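Letter by letter, the chains look like this.
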Amino acid sequence: MRTRPMQGLSTTAIHAGHPGPNADGAVVQPIYQASTFLDAGHANYHDVPYIRLNNTPNQRALATTLAALEGGEAALVSASGMAAISTTLLTVLQAGDHLLAQRRLYGGAHSLLAHELPRHGITVGWIDPDAPESWAAALRPNTRALYTESITNPLVRVADLPALASFARAHGLVSMIDNTVATPVHFRPIAHGFDLVVHSATKYLNGHNDLVAGAVIGTAALVEQVRRRQNHLGASLDPHACFLLQRGLKTLTLRMRQHSSSALAVAQFLAEHPRVERVHYPGLTGHPDHARAQALLRGGCSGLLCFEVAGGLRAAERVLRQVTLPAVAASLGGAESLITLPATTSHASLTAEERAEAGVTDNLLRMSVGLEDPQDLIADLSAALAEA
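Residues numbered from 1 in each chain as written. Predicted model: local features only at pLDDT ≥ 70, side-chain atom pairs only at ≥ 80, totals over all residues. Heavy atoms only, no water.

## Description of the state of the cysteines
We apply this condition: Pairs of cysteine sulfur atoms within 2.5 Å are identified as disulfides in what follows.
Under the criterion given, the structure shown has zero disulfides. Note on cysteine 306: no disulfide assigned, nearest cysteine sulfur contributed by cysteine 301 at a separation of 14 Å.

## Considering empty space enclosed by the protein
Using the following cut-off: Cavity and pocket criteria rest on a 1 Å grid covering protein atoms alone: a 1.4 Å probe that fits but cannot get out defines a cavity, protein on both sides within 12 Å along at least 5 of 7 lines defines an open pocket, and an atom within 4 Å of a point defines a lining residue. Grid points are joined across faces, edges and corners, and a volume is the space filled by probe spheres set on the points. Think of it as three bins: nonpolar holds Ala, Val, Leu, Ile, Met, Phe, Trp, Tyr, Cys and Pro, charged holds Asp, Glu, Lys and Arg, and polar takes everything else, Gly as well.
Applying the stated criterion to the full structure yields one cavity of 30 Å³ or more. Taken as a whole, the largest cavity holds about 30 Å³ of empty space. Every residue lining the largest cavity is listed: Arg104, Leu105, Thr152, Asn153, Pro154, Leu155, His347 and Ala358. Residue composition of the lining of the largest cavity, by class: four nonpolar, three polar and one charged.

## Things to note about the layout of surface pockets
We apply this condition: Under the scheme used here, helices are H or I runs from DSSP no shorter than 4 residues and strands are E runs no shorter than 2 residues, and both carry numbers assigned from the N terminus.
Here the second largest pocket defines a volume of roughly 280 Å³. Along the walls of the second largest pocket sit 20 residues, with Tyr106, Asn153, Ser200, Lys203 and Leu332 positioned nearest its centre. Top element by residues in the lining of the second largest pocket is helix α3 (residues 81–92). It accounts for three residues. Taken together, the residues of the lining of the second largest pocket break down into seven nonpolar, nine polar and four charged.

## A few points about the pattern of salt bridges
Heads up, the rule is: The working definition used for a salt bridge is a side-chain nitrogen of Lys or Arg within 4 Å of a carboxyl oxygen of Asp or Glu. For each residue, the accessible area found with a 1.4 Å probe, counting protein chains only, is set against the maximum for its type, and the residue is called buried under 20%, exposed over 50%, and partly exposed in between.
For the structure on display, the rule yields twelve salt bridges. Here aspartate 130 makes a salt bridge to arginine 104, at a shortest N to O gap of 3.4 Å. Taken together, the residues aspartate 130 in the loop between β3 (123–127) and β4 (143–149) and arginine 104 in the loop between β2 (98–102) and α4 (107–116) connect sequence positions 26 residues apart. Overall, the relative accessible area of 36% leaves aspartate 130 in the partly exposed class. Salt bridges linked by common partners bring Arg104, Asp130, Arg157, Asp289 and Arg292 together as one network.

## Thoughts on the packing of α3 against helix α7 (residues 220–233)
Inclusion rule: Only the contacting stretch of a helix is used when fitting its axis, a line to C-alpha atoms as for every element, and angles between N-to-C directions run 0 to 180 degrees. Whether a crossing is left-handed or right-handed is set by the direction in which the near helix is turned from the far one by less than a right angle, anticlockwise for left-handed and clockwise for right-handed. Contacts between residues were defined by any pair of non-hydrogen atoms, one from each residue, lying within 4.5 Å.
At a closest axis distance of 9 Å, the pairing of α3 and α7 adopts a crossing angle of 115°. Crossing of α3 over α7 shows right-handed handedness. Between α3 and α7, the residues in contact are Thr87, Thr88, Leu90 and Thr91 and Gln225, Val226, Arg229, Gln230 and Leu233, respectively. Considered class by class, the residues forming the contact of α3 with α7 number three nonpolar, five polar and one charged.

## Quick look at helix α2 (residues 57–70)
Basically, it comes down to this: The length a helix should cover is 1.5 Å for every residue beyond the first.
For α2, which comprises 14 residues, the first-to-last C-alpha distance of 20 Å matches the rise-based estimate of 20 Å (1.5 Å per residue) to within 8%. The buried fraction of α2 amounts to eleven of the 14 residues, a majority that puts the element mostly inside the structure. Pro57, Asn58, Gln59, Ala61, Leu62, Ala63, Thr65, Leu66, Ala67, Leu69 and Glu70 are the residues of α2 that are buried. Within two residues after α2, glycine 71 carries a phi angle of roughly 75°, on the positive side.

## Some points on the environment of lysine 203
Secondary-structure assignment places lysine 203 in the loop between β6 (196–200) and β7 (214–218). Residue class for lysine 203 comes out buried when judged on its relative accessible area of 16%. When the C-alpha atoms of lysine 203 and alanine 335 are compared, they prove to be 10.0 Å apart, with 132 residues separating the residues in sequence.

## A short note on the sheet that holds β6
Here is the rule: By the convention used here, strands pair only if DSSP detects at least 2 bridges between them.
Pairing within the open sheet is mixed, and its seven strands lie in the order β1-β7-β6-β5-β4-β2-β3. With one partner strand each, in any of the chains shown, β1 (74–78) and β3 form the two edges of the open sheet. On average, adjacent strands in this sheet sit at an angle of 20° to one another, irrespective of strand direction. Packed onto the sheet, α4 meets β2, β3 and β4 and runs at close to 130° relative to β3.

Right under this line is the structure:
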């Protein structure tokens, strides 16, 4: 049988990772609802077919799809995005090591780096992505890795990502990037020199607000190291969640185009509204990283935006009470629009000083623009802001 070429991203999302032929001629990958499989005499513990060891059929098929989408040699799925981040960091770092990390990270990642890693003897140095001339001064003899985000959460900043990857490579650091918000539809970090890509697959990769999962993609050697650490930590993904995530990936490119298009329309509306002090979205010409986003991100800037409501915290809370289409809920990347106050949700674990440094003000609302008709979202926001 002739080998099918993998070309466009949509084709890859649909066909990569389907070994075929499936049982009884099934067109899609079945759910292998089994925790263990017949052992053919593997000498290596990590090769025994067992769900916690991340090598069962649904896990392998999904990993193949993810690796193809990100252009990596291998991939690993995990029980959550934070499991992917923490396991990867604990693989490339050990007690006594030093990590360089970009400022303005997702709140959960920031708390992990600032408060948990030091408990394991790992120190963290924070670098300003807009000041590359200062990066070398942050290096230490024991610096081993660099961590960043392609589009930051929540303030949707876009750093000079190729420069960060090049800096890491020049200094022998493992470069690690969270690509959750951009997804491989808009940015493929490995093509720009990054070693490891992590995702909260809960978000756009799945796209339906109905599962929690994570992913790690990179070279086969590095991903295998992460897999062995995860095998011991136990953060594996169950077969049904693997099935749902692989199903979600099939519409990733279509969804991301709509998310990005609708988010730009909503951002443009908000930027002109008198009750909005500031809008954060790299697709807007007034965003500080707009030119960089245009150069790096393909086909859009994803579906996440933030805006600051005039009138402070109370006005922002009134908007949350008045909206009817976006659900007031944490997370992002689903078909349903979500809106939240980062100061009390995604960044609640940060101190007031840390939130101020990250630019997370009390009146900052984060909106994950879903797949509803954008004119309906705009009408709803207009009515809510009129009551703020």
